[in-house]
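# Summary of the model geometry
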Amino acid sequence: VEVSSAMQDDSEVRYPEAIAKSVRVATHPYIVHCQICDPQQPYRRGDLGPMSIRVMVMPDQPLWRLFAEIVARLPIILSKSSDSNCEGRARLWRIASVNGKVPNAGSRFGPWTLLCKNPYAEIPISASNYDKYKEQWQSYCDQHSIQSIGLLDGTRVMFEYVVPSKDGSFSWPREAAAKATQLRRIADEDAKFRMLLRGYNSEGKPSREPIMRKIVDAMDLTGRWYRGLIVNVESDAKSSGHNGANGREDADAPKDASFRENTHVRIHFNDHHENHEEWIEVKSDRLAVAGRFTSNAYLASDTDGDAATETKSILPGSKKKDSNDSMSNDLSSHNAVCLFPSYGACGLINLGNTCYANSGWQCLSYMPLLRFYLLSGQYKISGDINRDNPLGTGGKILEEFADLMRVMWSGKFGARAPQRFRSVLTKCRPRYSGANQQDVPELLTDILDMLHEDANRVKKKPYVEALEDKFIEKTDLQRIGQEAWRRYLRRNRSVITDLCMGQLFNLVTCPECNHSSKNFDPFNVLSLPLPTVDEVIFRCLVVRRATTLNCPNTLLQVGGSSKGRPKSLNQLSPPSKELIFEEYAIPTSRLADLGDLKMKLQQLSGIPAKRLRLCKKEEIETGIGEKHSMTCLYTKVACLPDKEGPLLRLVNHTSSDDASSPTIATVVAFEATLQPRPETENSLHTNDRLAAETDNASTDDDTSSDTSSTQTTAGDDTDADWKVIEKMGEECLNVFGDENECVTFDTNPVPLAKYVSHCLWPKEAKDFVVGLRVDAIDRRNNWYPGSVVDLVEEETEEGDETITKVKVHFDNFSAKWDEVYAIGNSRIRPLYSHATPRAKSTEFVVHH
């Protein structure tokens, strides 16, 4: 079991040295520190004396048993913790220490997180019968065990129970404390903000901090909240340099007669309109801290420094040359709209084959400006509902979609079925009433059209003429687009027009007369193709040995002089033991294969393609060590076969923000510098003689009687044969593993393997043991390597003698192909005396 450093001293006492780590859990269970949440002090830290217990648990113990023991042992001292049925509600919190230290608060509840996903479990108050609560506690714990829920030795757990109110509702102490803390923080922030707008600091003295060009939240006359910029300030006529912010005389206040208290500020609204500005009183509720009613809610601290960029006041009505540009630059990074309530994690349940519709509605739900328009009921306040529009639905789609958005963004539901909205939609558009799959862009276009007509502020649409051909021919393209959009707005003005509509420029040219027709068509949905990866970039790491070709400046110099240099680079010296690493970035087509990649590597590195061995490099997480540390990753290098398919299969597909960017993969290429060790004349003569002896042995009589009265010697090689094999083995041992091995030469290990197998071959029948490696011939007269898996004793037909046979299991075959042979039979021979060794790895059981 892993013990944290915080429990290190305690573990030395609890775990004697004689107990192995693998059995410490069984002999010394986990100790979980359980404390009760004090309703009067929900954020009290540390052990609480009699309100804290330590419980011993096993890793495989059900979590509900720990919950039951906490309920039975921890005192619930508050008399108002139960309802009329003497029952309460409780839940568990956990805290995980990192290296013995409590982590910093990551949420409004500090470092504590809920242990179970279910909201709560009912508990008895001052009762002793817990049997009827067993199923409820099991459901609350979701059948988790101590180990599966993530509890370890020394983990701290908090038990929190609700406090009922007089009206029968419940409140959680930690939630109530967090809410009160948040309200107090907001109140202090608002008070400081109001003082700053008036020109005072937090102590009530005149402030030197300018408020010009400060980012704030402001409400315009239509009731919409926008991110705004203070562009002008108006002060009262009387001097307030001798008084504080509360109006009383302050002896410590600076005697500055030029100080004037601010009364009004001019706000430039960031609503994509250049001249949308208003004067607002500093005491008005239409002003708030930046981010209070808009997104990016905590960027106020980042914008404090922007107030110092310009300290000069702008007189009412005056304008600078680039004032709009500067204001747009200041607000570009803070463009935001109202998003409250900020939930929205609500799924839509399929009503038949409506997954396409649910996807489209979710997309509309995450359009911030449209969402705020519907959630705030602005269409009712401003009277935008057009119930008399024959092209609309009488406001039905607008109202029902707003109701659906309120349900999705209420934060009360994880999934809802949009039955009412779909029912109204099918009545207005019958083609969506069936269960057939439809096109999502077509559905979005229809819904946006219906929302546009239901919220169209043009009650009576006037007749608008199309643009004249003469005007189009004489006017530039930008002016044509502005005029076309102006004429379109004469009949169409709605929130959809402001947020979701644009124009497409169409140019049609006649192939015969070359006459061109220019036209602008409005659209609300623009379909774009998904980009695809055209190529794959391989990051190739080439590993090669140093030679006089690739390192001439070092390997051609011998002893610091030129006497030992070769005459030319073609006189290659043996490869050095030092390695050279070269890295190349090679772009290839995603349909290219390994042969194409090798040819490109050959052109860049000069290494022949046939001498390149490609491997795939992967970094795999081990789950050991901290995140982002080297101990939690290891590099796996796997050889790639020459018949690999397209190179795109080698790429690990990872999520990327830019889907059109090329994919990068890592490949390691090794240069094969080894050559087969040349055989001497003696070794060639020995191998020819051994092959001849082997052929003679294979032509022996294979039909010798298995029931021979006398078992012959197992190793029936003649002395001459043994001398040949021994000589071959000695020659192989003389050169195998020398300084040139794995640098210049690669010795064939087959002769050495044959020599070893002949040395291990039993000389007598009694020396046969289980696990002996042999060559055996099967029923089809094919030789295969195998292992002796059993010794079988059988009686002869006369019954006067017992003979021993061996059972052989062939490599890479199932047990049904096992054969039984008599000892001394020529159908079973030493390993690799008849069978040919394979380069493929083989698994077999080794008997010791």
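Residues numbered from 1 in each chain as written. Predicted model: local features only at pLDDT ≥ 70, side-chain atom pairs only at ≥ 80, totals over all residues. Heavy atoms only, no water.

This paragraph deals with the overall build of the protein. Across its full length, the protein holds 21 helices and 29 strands. Put simply, the protein has 848 residues, and 38% of those count as buried. Restricting to contacts in the protein with at least 6 residues of sequence separation, those with at least 24 account for 65%. Looking at the protein as shown, the accessible area adds up to about 50500 Å², and 50% of this sits on carbon and sulfur atoms. (Helix = DSSP H or I, 4+ residues; strand = E, 2+ residues; numbered from the N terminus. Buried < 20%, exposed > 50% of the residue type's maximum accessible area, 1.4 Å probe, protein only. Contact = heavy atoms within 4.5 Å. Areas by Shrake-Rupley, 256 points an atom, 1.4 Å probe, with all protein chains shown as cover.)

Looking now at the packing of helix α8 (residues 355-365) against helix α13 (residues 440-454). Where α8 contacts α13, the two axes come as close as 9 Å, and the packing angle between them is 50°. As the angle between them shows, α8 and α13 are arranged oblique. Of the two elements, α8 crosses α13, and the hand of that crossing is right-handed. Residues Tyr356, Ala357, Gly360, Trp361 and Leu364 of α8 form the contact with α13, whose own contacting residues are Val440, Leu443, Leu444, Ile447 and Leu448. Residue composition of the contact of α8 with α13, grouped by class: 9 nonpolar, 1 polar and no charged. (Axes fitted to C-alpha atoms, helices over the stretch in contact; angles between N-to-C directions. Parallel < 35°, antiparallel > 145°, perpendicular 65-115°, else oblique. Left-handed = near helix turned anticlockwise from the far one by under 90°. Nonpolar A, V, L, I, M, F, W, Y, C, P; charged D, E, K, R; others polar.)

Bringing the confidence of the model for the protein into the picture now. Averaged over every residue, the pLDDT of the protein is 75; residues scoring 70 or more account for 71%. Of the regions scoring below 50 in pLDDT, residues 239-255 engages in 28 contacts with residues more than four places distant in sequence or in other chains. pLDDT under 50 marks residues 296-342. Its contacts with residues more than four places away, or in other chains, come to 77 contacts. (pLDDT = per-residue confidence, 0-100.)

Here the focus is the packing of aromatic side chains. One pass over the full model with this rule turns up 15 aromatic pairs. Ring centres of Tyr226 and Phe269 lie 6.3 Å apart, and the angle between their planes is 75°; this geometry places the pair in the edge-to-face category. On the criterion of sequence distance, the pair formed by Tyr226 in strand β10 (residues 225-235) and Phe269 in strand β11 (residues 262-269) is long-range, its members being 43 residues apart. Overall, the relative accessible area of 13% leaves Tyr226 in the buried class. For Phe269, a relative accessible area of 0% gives the class buried. Positioned over the ring face of Trp172 is Arg91, at 4.1 Å from the centre of the ring. The side chain of Arg371 reaches across the aromatic face of Trp409, ending 3.9 Å from its centre. (Phe/Tyr/Trp six-rings, centres within 6.5 Å; stacked < 30°, edge-to-face > 60°. Lys NZ or Arg CZ within 6 Å of the ring centre and 35° of its normal.)

As for its placement among the helices and strands, Asp498 is situated in helix α16 (residues 495-500). The exposure class assigned to Asp498 is exposed, which follows from its relative accessible area of 53%. With 128 residues separating them in the primary sequence, Asp498 and Leu370 have C-alpha atoms 9.8 Å apart.

On the surface, a cluster of nonpolar side chains totalling about 260 Å² of accessible area is made up of Leu477, Phe505 and Leu507. Relative to the helices and strands, Phe505 resides in strand β16 (residues 502-509). Among the residues examined, Phe505 registers a relative accessible area of 33% and is labelled partly exposed. (Patch = residues over 30% accessible without salt bridge, like charges linked within 9 Å, V, L, I, M, F, W, Y side chains within 5 Å. Salt bridge = Lys/Arg side-chain N within 4 Å of Asp/Glu carboxyl O.)

Another aspect to go through is unusual backbone geometry. For Arg213, which is not glycine, the phi dihedral falls at a positive 65°. For Asn781, which is not a glycine, the phi torsion comes out positive at approximately 60°. Checked against the element boundaries, Asn781 lands in the loop between β25 (773-777) and β26 (783-795).

This part is about the environment of Val282. Relative to the helices and strands, Val282 is located in the loop between β12 (277-281) and β13 (287-289). The spatial distance from the C-alpha of Val282 to the C-alpha of Arg266 is 9.8 Å, given a sequence separation of 16 residues. Among residues more than four places away in sequence, those in contact with Val282 are Arg194, Leu197, Arg198, Asn262, Thr263, His264, Val265 and Leu287.

Let us now look at the packing of helix α11 (residues 396-408) against α13. Interaxial distance between α11 and α13 falls to 8 Å at its minimum, and their mutual angle equals 110°. Comparing the axis directions of α11 and α13 gives the class roughly perpendicular. Residues Lys396, Ile397, Leu398 and Phe401 of α11 pack against Met450, Leu451 and Asp454 of α13. In terms of residue class, the contact of α11 with α13 is made up of 5 nonpolar, no polar and 2 charged.

A separate point is the pairing of β25. Along β25, 5 of the 5 residues are buried, which leaves the element largely enclosed by surrounding structure. In β25, alternate side chains face the same way, and those of Arg773, Asp775 and Ile777 on one face and Val774 and Ala776 on the other are all buried. Examined bridge by bridge, β25 and β26 share 5 bridges and lie antiparallel to one another. Among the inter-strand pairings, Asp775 is bridged to a residue of β26, identified as Pro785. The antiparallel pairing of β25 with β26 creates a hairpin that spans 5 residues between the two strands, and Asn781 there sits at a positive phi of about 60°. Judged from the 3 bridges that link them, β25 and strand β29 (residues 828-830) form a sheet pairing that is antiparallel. Within the sheet, the bridge partner assigned to Asp775 lies in β29 and is Arg829. (Pairing = 2+ DSSP bridges.)

What follows deals with the sheet that holds β25. Read across the sheet, 5 strands follow the order β28-β27-β26-β25-β29 without closing on themselves; strand pairing throughout is antiparallel. What marks the edges here is a single partner per strand, and that holds for β28 (819-822) and β29. Going across the sheet, the axis of each strand differs from the next one's by a mean of 50°, ignoring polarity.

Turning our attention to the sheet that holds β10. The strand order across the open sheet built from 5 strands is β12-β11-β10-β9-β13, with neighbouring strands paired in antiparallel fashion. Each edge of the open sheet is held by one strand with a lone partner, namely β12 and β13. On average, each strand axis in the sheet is tilted by 45° relative to the strand beside it, whichever way the strands run. When β10 meets β11, the two strands line up antiparallel, connected through 7 bridges. When the sheet's bridge partners are listed, Asn232 is paired in β11 with Arg266.

Taking burial as the measure, the 8 residues of helix α9 (residues 368-375) include 6 buried ones, the bulk of the element. Taken as a whole, α9 has its buried residues at Leu370, Arg371, Phe372, Tyr373, Leu374 and Leu375. Along its buried surface, α9 packs onto β10, α8, α10 (378-381), α11 and α16. Positioned one or two residues after α9, Gly377 has a phi angle of 70°, which is positive.

Attention shifts here to the side chain of Arg773. Counting through the fold element by element, Arg773 comes out in strand β25. Classification of Arg773 by relative accessible area gives buried; the value is 18%. A distance of 3.4 Å separates a polar atom in the side chain of Arg773 from the backbone oxygen of Gly786. A distance of 2.7 Å separates the side chain of Arg773 from the side chain of Ser787, its partner in a polar contact. Beyond its immediate chain neighbours, meaning those up to four positions away, Arg773 contacts Trp761, Pro785, Gly786, Ser787, Asp811, Leu831 and Phe844. (Polar contact = N/O pair within 3.5 Å; in protein donor to acceptor, adjacent residues only side chain to side chain.)

Quick look at the pattern of salt bridges now. One pass over the full model with this rule turns up 30 salt bridges. Note that Arg486 and Glu483 form a salt bridge whose closest N and O atoms lie 2.6 Å from each other. Taken together, the residues span about one helical turn, with Arg486 and Glu483 both in helix α15 (residues 477-489) at a distance of 3 residues. The class for Arg486 is partly exposed, based on a relative accessible area of 44%. For Glu483, a relative accessible area of 7% corresponds to the buried category. One salt-bridge network, in which partners are shared between bridges, spans Arg185, Glu189, Asp190 and Arg292.

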